[in-house]
Amino acid sequence: RYKTSLALLLGVSLMTSCQSQSVYADFLLRTPDQPMLFDGNDINARTHMAYASLVSGICLANAGLGLVHGFAQPLGSLFPVPHGIVCGTMMPAVNRLTVNKLLNEKSHPAVLKKYAEIGNLFADQKNKTENYYIELLLDKLDEYVVAFKIPRLSAYGISKDDFQSIIKQTEMKNHPIKLTAQEME
């Protein structure tokens, strides 16, 4: 559920109540060594996971989705790849691309502030710069792909050559910043 909560936090049409609930849910799930991620017998951990899933579902009904989910539709329709695999795999790259464009254009400081706030949830050190927390979050997303053993898209027959066609079908209605097809390749 980490990918859903992050998408909700960064969505451009997000309600504040969903945002605060989603932050709390993410805080409960903030490290990959939490028992809920590996031990289904821990009732407390399962309760936290159930709450995080509930919050994500409620918020999804009220928020627009960005580029990660925009990729999920064409990939899922063209290849036998599960939705969660697409989102989990694409999350680090899409967010790194988005942050880089936001920083380069010096636009949407409120979105960068959200990235930093989420990164701060994972931080052991406080009182660092926004850029520190943003980079921490982006690195954490990369770590999650490895820790959760999320398969690469190539495991489902998807190659780099397929992405021009996929990008033509990809939507980013509520992504914080518009990316060109060339940037998405």
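What comes next is a walk through the structure. (Residues numbered from 1 in each chain as written. Predicted model: local features only at pLDDT ≥ 70, side-chain atom pairs only at ≥ 80, totals over all residues. Heavy atoms only, no water.)

1. Points about the overall build of the protein chain
Here comes step 1: Check the secondary structure of the protein chain and you find nine helices and zero strands.
Here comes step 2: In the protein chain, buried positions account for 46% of the 185 residues.
Here comes step 3: In the protein chain, the share of contacts with a sequence separation of at least 24, taken over all contacts with a separation of at least 6, comes to 66%.
Here comes step 4: When the accessible surface of the protein chain is split by element, carbon and sulfur atoms take 54% of a total near 9700 Å². (Helix = DSSP H or I, 4+ residues; strand = E, 2+ residues; numbered from the N terminus. Buried < 20%, exposed > 50% of the residue type's maximum accessible area, 1.4 Å probe, protein only. Contact = heavy atoms within 4.5 Å. Areas by Shrake-Rupley, 256 points an atom, 1.4 Å probe, with all protein chains shown as cover.)

2. Some points on the side chain of Thr 98
Here comes step 1: Assignment of secondary structure puts Thr 98 in helix α5 (residues 83-105).
Here comes step 2: Among the residues examined, Thr 98 registers a relative accessible area of 0% and is labelled buried.
Here comes step 3: There is a polar contact of 2.7 Å between the side chain of Thr 98 and the side chain of His 175.
Here comes step 4: The residues touching Thr 98, leaving out its near neighbours within four places in the chain, are Tyr 115, His 175, Pro 176, Ile 177 and Leu 179. (Polar contact = N/O pair within 3.5 Å; in protein donor to acceptor, adjacent residues only side chain to side chain.)

3. Quick look at the pattern of salt bridges
Here comes step 1: Tallied over the full model, the rule gives six salt bridges.
Here comes step 2: Between Arg 96 and Asp 142 there is a salt bridge, with its nearest N and O atoms 2.9 Å apart. Taken together, the residues Arg 96 in helix α5 and Asp 142 in helix α7 (residues 130-147) connect sequence positions 46 residues apart.
Here comes step 3: In this structure Arg 96 comes out as partly exposed when scored by relative accessible area, which is 23%.
Here comes step 4: Exposure remark for Asp 142: the relative accessible area of 33% places this residue in the partly exposed category.
Here comes step 5: Two residues, Lys 140 and Glu 143, come together in a salt bridge whose shortest N-O distance is 3.3 Å. Within this pair, Lys 140 and its partner Glu 143 are both found in helix α7, separated by three residues, close to a single helical turn.
Here comes step 6: With relative accessibility at 13%, the residue Lys 140 sits in the buried group.
Here comes step 7: For Glu 143, a relative accessible area of 41% gives the class partly exposed.
Here comes step 8: Within this structure, Arg 96, Glu 135, Asp 139 and Asp 142 form a network of salt bridges that share partners. (Salt bridge = Lys/Arg side-chain N within 4 Å of Asp/Glu carboxyl O.)

4. Here we look at the packing of aromatic side chains
Here comes step 1: What the rule picks out here adds up to four aromatic pairs.
Here comes step 2: An angle of 75 degrees between the planes, with centres 6.2 Å apart, marks the rings of Phe 122 and Tyr 144 as edge-to-face. Taken as a pair, Phe 122 in the loop between α6 (109-121) and α7 and Tyr 144 in helix α7 lie far apart in primary sequence, 22 residues in all. Tyr 144 shares its class with Phe 122; the two are buried.
Here comes step 3: Centroid distance Tyr 132 to Tyr 133: 5.3 Å. Interplanar angle 85 degrees. Geometry classified as edge-to-face.
Here comes step 4: Chaining the aromatic ring pairs together yields one cluster made of Phe 122, Tyr 144 and Phe 148.
Here comes step 5: The ring of Tyr 132 has Lys 128 sitting right over it, with the charged end atom 5.4 Å from the ring centre. (Phe/Tyr/Trp six-rings, centres within 6.5 Å; stacked < 30°, edge-to-face > 60°. Lys NZ or Arg CZ within 6 Å of the ring centre and 35° of its normal.)

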